Amino acid sequence: MNANLKSRHSLKGIVLAGVVLLAGSALAASKGPLELQEAASVAGTQLKSGTYTVQWEGTGDQVQLKIYQGKKEVASTSARVVTLDKPLPRDATLLRRNDDGTLTVTRINFGKKNFALEISGDGGGSGGAGAAR
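What comes next concerns the included structure. (Residues numbered from 1 in each chain as written. Predicted model: local features only at pLDDT ≥ 70, side-chain atom pairs only at ≥ 80, totals over all residues. Heavy atoms only, no water.)

Thoughts on the packing of aromatic side chains
Right, on to step 1. Here the structure, examined in full by the defined rule, presents three aromatic pairs.
Right, on to step 2. Ring geometry for W56 versus F110: centroids 5.2 Å apart, planes at 25 degrees, classification stacked. You can see W56 sitting in strand β4 (residues 50-57) and its partner F110 sitting in the loop between β8 (103-109) and β9 (115-118), a full 54 residues away along the chain. For the pair shown, W56 and F110 are each scored as buried. (Phe/Tyr/Trp six-rings, centres within 6.5 Å; stacked < 30°, edge-to-face > 60°. Helix = DSSP H or I, 4+ residues; strand = E, 2+ residues; numbered from the N terminus. Buried < 20%, exposed > 50% of the residue type's maximum accessible area, 1.4 Å probe, protein only.)

Structural data, given as structure tokens:
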């Protein structure tokens with residue numbers, strides 16, 4: 001009977017480890033880098049040039065996006081997940097130059113991933129999209 005109890009305990013440990021690994025991989029799938037070479041806004045919040053972490057939650061093509069500098073949340077908005085025909089070789093951020101000359105983040109591409117996050121509704125004017133890495 002003691003061997004049976006040890007076997008059950010070991011099985012519980014294996015199942016728990018599997019659940020933790022699955023949860024960790026799901027979390028990793030919802031995080032990515034954002035590097036800005038110039039100051040740019042997201043959802044009306046001006047971000048300085050630098051390195052950030054983006055994290056998103058949701059199912060389907062609409063997600064809630066949060067941007068962190070270190071552990072501090074610095075911006076939050078909704079985003080649309082878009083499927084790419086071909087993954088890009090490296091991370092890239094698309095920016096829109098507004099009529100007043102400021103920049104707005106419009107899309108975050110993740111290197112070697114077949115999706116990107118599109119951000120819209122920040123206001124601003126027309127202009128060409130550029131890439132900052």
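Side note on the nonpolar core
Right, on to step 1. Ranked by internal contacts, the top residues of the largest apolar core, which has 21 residues, are L36, V54, W56, L65, I67, V105 and I108.
Right, on to step 2. Those elements that place two or more of their residues in this core are β1 (31-36), β2 (40-42), β4, β5 (62-69), β6 (72-83), β8 and β9.
Right, on to step 3. When sequence neighbours within four positions are dropped, the list of residues in contact with L36 reads L47, K48, S49, G50, Y52, T93, L95 and V105. (Core = buried A, V, L, I, M, F, W, Y, C linked by side-chain atoms within 4.5 Å. Contact = heavy atoms within 4.5 Å.)

Digging into the pairing of β1
Right, on to step 1. Burial along β1 is one-sided: the face carrying G32, L34 and L36 is buried and the face carrying K31, P33 and E35 is not.
Right, on to step 2. One ladder, built from six bridges, connects β1 with β4; its direction is antiparallel. Looking at the pairing, K31 lines up with Q55 of β4. (Pairing = 2+ DSSP bridges.)

Remarks on the environment of A43
Right, on to step 1. Looking at the secondary structure, you find A43 in the loop between β2 and β3 (45-47).
Right, on to step 2. With relative accessibility at 33%, the residue A43 sits in the partly exposed group.
Right, on to step 3. Separated by 76 residues in the primary sequence, A43 and I119 place their C-alpha atoms 8.3 Å from one another.

Concerning unusual backbone geometry
Right, on to step 1. A positive phi angle is found at A43, which is not glycine, with a value near 55 degrees.
Right, on to step 2. One non-glycine residue, K112, adopts positive backbone phi at about 65 degrees.
Right, on to step 3. With respect to the helices and strands, the residue K112 is situated in the loop between β8 and β9.
Right, on to step 4. By relative accessible area, which is 66% here, K112 ends up exposed.

Here we look at the environment of T53
Right, on to step 1. With respect to the helices, strands and loops of the structure, T53 is situated in strand β4.
Right, on to step 2. Separated by 20 residues in the primary sequence, T53 and P33 have C-alpha atoms spaced 4.7 Å apart.
Right, on to step 3. Setting aside chain neighbours within four positions, we find T53 in contact with K31, G32, K66, I67 and Y68.

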